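A closer look at the structure
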Amino acid sequence: MTNNIIRGRDVARTIREETTKRAAALREQGWVPHLASLEIGHNPSAEVYVRNQKRVAEKVGIQFVNRRYPQEITQAEMLAAIGALNVDPRITGIILQRPVPHHLDLFQLQGAIAPSKDVEGMSPSNIGKVVYDQFVLGPCTSLASVEILRATGQPLRGMNAVVVGHSEIVGKPIALHLLAELVTVTICHHGTRDLAAHTRNADALFVAVGKPGLITGDMVKPGAVVIDIGINQIETQDEAGNIVKKLVGDVDFDSVSKVAGWITPVPGGVGPVTLAVLMKNTVAAVAMQKKAYEAAMRQ
Ligand code: NAP
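Reading guide: rules and limits
- Residues numbered from 1 in each chain as written.
- Predicted model: local features only at pLDDT ≥ 70, side-chain atom pairs only at ≥ 80, totals over all residues.
- Heavy atoms only, no water.
- Near = heavy atom within 4 Å.
- Polar contact = N/O pair within 3.5 Å; in protein donor to acceptor, adjacent residues only side chain to side chain.
- Helix = DSSP H or I, 4+ residues; strand = E, 2+ residues; numbered from the N terminus.
- 1 Å grid on protein atoms, 1.4 Å probe; cavity = no way out; pocket = protein on both sides within 12 Å on 5 of 7 lines; lining within 4 Å.
- Points joined across faces, edges and corners; volume = space filled by probe spheres on them.
- Nonpolar A, V, L, I, M, F, W, Y, C, P; charged D, E, K, R; others polar.
- Domains from an automatic or database assignment.
- Axes fitted to C-alpha atoms, helices over the stretch in contact; angles between N-to-C directions.
- Parallel < 35°, antiparallel > 145°, perpendicular 65-115°, else oblique.
- Left-handed = near helix turned anticlockwise from the far one by under 90°.
- Contact = heavy atoms within 4.5 Å.
- Pairing = 2+ DSSP bridges.
- Core = buried A, V, L, I, M, F, W, Y, C linked by side-chain atoms within 4.5 Å.
- Buried < 20%, exposed > 50% of the residue type's maximum accessible area, 1.4 Å probe, protein only.

1. With respect to the site of the ligand
Taken together, 18 residues surround the ligand, and among them Thr 141, His 166, Ser 167, His 190 and Ile 231 come closest. A distance of 2.5 Å separates an oxygen atom of the ligand from a polar side-chain atom of Ser 167. The biggest single contributor to the shell around the ligand is helix H10 (residues 270-298), with 3 residues.

What follows is the structure, encoded as structure tokens:
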């Protein structure tokens, strides 16, 4: 099977170019996109994400500030901090870096971000709009995954897609975006009896679980589009026998790439596109805030 490796950076570049133009047009009208990242405690993996977010934000013309809060901050203090940013007119978008310390209620914190500034599209209000296909700010990873499928040029209508993983921020919204395109969608999870029986029927297979090697070549339909969303850090041996850390997805790339028509690598597949969608959302949030302000001024 001739397969095409879908390079996330190519899809991401197209999104970033459009976002850069939209951000410049808004800035010219006095609306400056300004993203606030909230980091609670110290987490080395969050640090890498924050650095990348800052780099890409500045590249497309979005101001970026990272605010650090102490590990022992209380839920009430964190809610107050989010409340202050919600009403700060200089801040147009808010990202809450994960993981948050165990004593905090992530769902409540996420839901406290004003929907118009929730650029990760994770608040219940923005997820609800995805159900109605009436969203401006959708969850970044799900939008990125569907954008990658579109980039293959495959006609979506009538396609059979299987989504493995049903989390509220990745698996479920992917299924909803696909339904809006008249794709026939099967969602698999922990309770699915025979995963391979479903995945073998997929023209497009989305995998968002967090288990390395979950999908192997014998589970994939020849020619399918395989979009690997999982990110797992594993330990492996290099040529000299040293233990080294490596990032892999949920898909066994070696066996699946021999069968699939298209496949995303990890790293370098969904990740860069997710980051580009985050920036697209940040600029879309400013446009939405501008529209709401102008409507209020007309009254
Ligand atoms: P999550 O909330 O832990 O959800 C994992 C899902 O996988 C759950 O719905 C779970 O179902 C399901 N699952 C567990 N074992 C399964 C199995 N054996 N067969 C089928 N389904 C199974 O994780 P998430 O936030 O959706 O993220 C999923 C993965 O994507 C993680 O590796 C994460 O790091 C990665 N991710 C990547 C990006 C990116 O930009 N590339 C962004 C976000 C997340 P049950 O609840 O029924 O157990």
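2. Let's talk about the layout of surface pockets
Empty space left among the atoms is revealed by rolling a probe the size of a water molecule over them. Looking at the largest pocket, its volume works out to about 1,600 Å³. Lining the largest pocket are 45 residues, and of these Tyr 49, Thr 141, Ile 231, Gly 271 and Thr 274 sit closest to its centre. Every element with two or more residues in the lining of the largest pocket is listed here: helix H2 (44-60), strand E4 (93-96), helix H6 (140-151) and H10. In terms of residue count, H2 provides more of the lining of the largest pocket than any other element does, 10 residues in total. Here the residues of the lining of the largest pocket sort into 26 nonpolar, 13 polar and 6 charged. When we break the lining of the largest pocket down by domain, the ones giving at least three residues each are domain 1 (29-116) and domain 2 (140-271).

3. With respect to the packing of helix H1 (residues 8-28) against H10
It is at 8 Å that the axes of H1 and H10 come closest, and there the two elements cross at 20°. Taken as axis vectors, H1 and H10 run roughly parallel relative to one another. In this structure, the crossing between H1 and H10 has a hand that is left-handed. From H1, Gly 8, Arg 9, Val 11, Ala 12, Ile 15, Arg 16, Thr 19, Arg 22, Ala 23 and Leu 26 reach across to H10, where they touch Pro 272, Val 273, Ala 276, Val 277, Met 279, Lys 280, Val 283, Ala 284, Val 286, Ala 287 and Lys 290. Along the lines of polarity and charge, the residues of the contact of H1 with H10 split into 14 nonpolar, 2 polar and 5 charged.

4. Looking at the domain arrangement of the chain
Domain annotation for the chain reports domain 1 (29-116) and domain 2 (140-271). For domain 1 versus domain 2, the distance between C-alpha centres works out to 29 Å.

5. Regarding the sheet that holds strand E1 (residues 4-5)
One open sheet accounts for 6 strands, arranged E1-E11-E8-E7-E5-E6; its pairing is parallel. Of all the strands in the sheet, the pair left with one neighbour each is E1 and strand E6 (184-188). When E1 meets strand E11 (residues 262-263), the two strands line up parallel, connected through 2 bridges. Across the sheet, residue Asn 4 finds its bridge partner in E11, namely Trp 262.

6. Concerning the sheet that holds strand E3 (residues 63-69)
Pairing is parallel in the open sheet, where 3 strands are placed in the order E3-E2-E4. Each edge of the open sheet is held by one strand with a lone partner, namely E3 and E4. Across the sheet, the axes of successive neighbouring strands diverge by a mean angle of 20°, strand direction being ignored. Bridge analysis of strand E2 (residues 34-40) against E4 gives 4 bridges, and the strand direction is parallel. Bridging across to E4, Ser 37 finds its partner in Ile 95.

7. Description of the packing of H6 against helix H7 (residues 171-180)
Packing of H6 against H7 brings their axes to within 8 Å, and their N-to-C directions diverge by 45°. Looking at the two axes, H6 sits oblique to H7. Our pair here, H6 against H7, has a crossing hand that is right-handed. Residues Ser 142, Leu 143, Ser 145, Val 146 and Leu 149 of H6 form the contact with H7, whose own contacting residues are Pro 173, Ile 174, His 177 and Leu 178. For the contact of H6 with H7, the per-class residue count stands at 6 nonpolar, 3 polar and no charged.

8. Things to note about the nonpolar core
Counting 49 residues, the largest nonpolar core has Leu 149, Ile 174, Leu 178, Phe 206, Ile 227, Ile 229 and Met 279 as its most contacted members. For this core, the secondary structure elements donating two or more residues are H1, H2, H6, strand E5 (160-164), H7, strand E7 (204-207), strand E8 (225-228) and H10. Top element by residues in this core is H10. It accounts for 11 residues. Each of domain 1 (29-116) and domain 2 (140-271) accounts for three or more of the residues forming this core.

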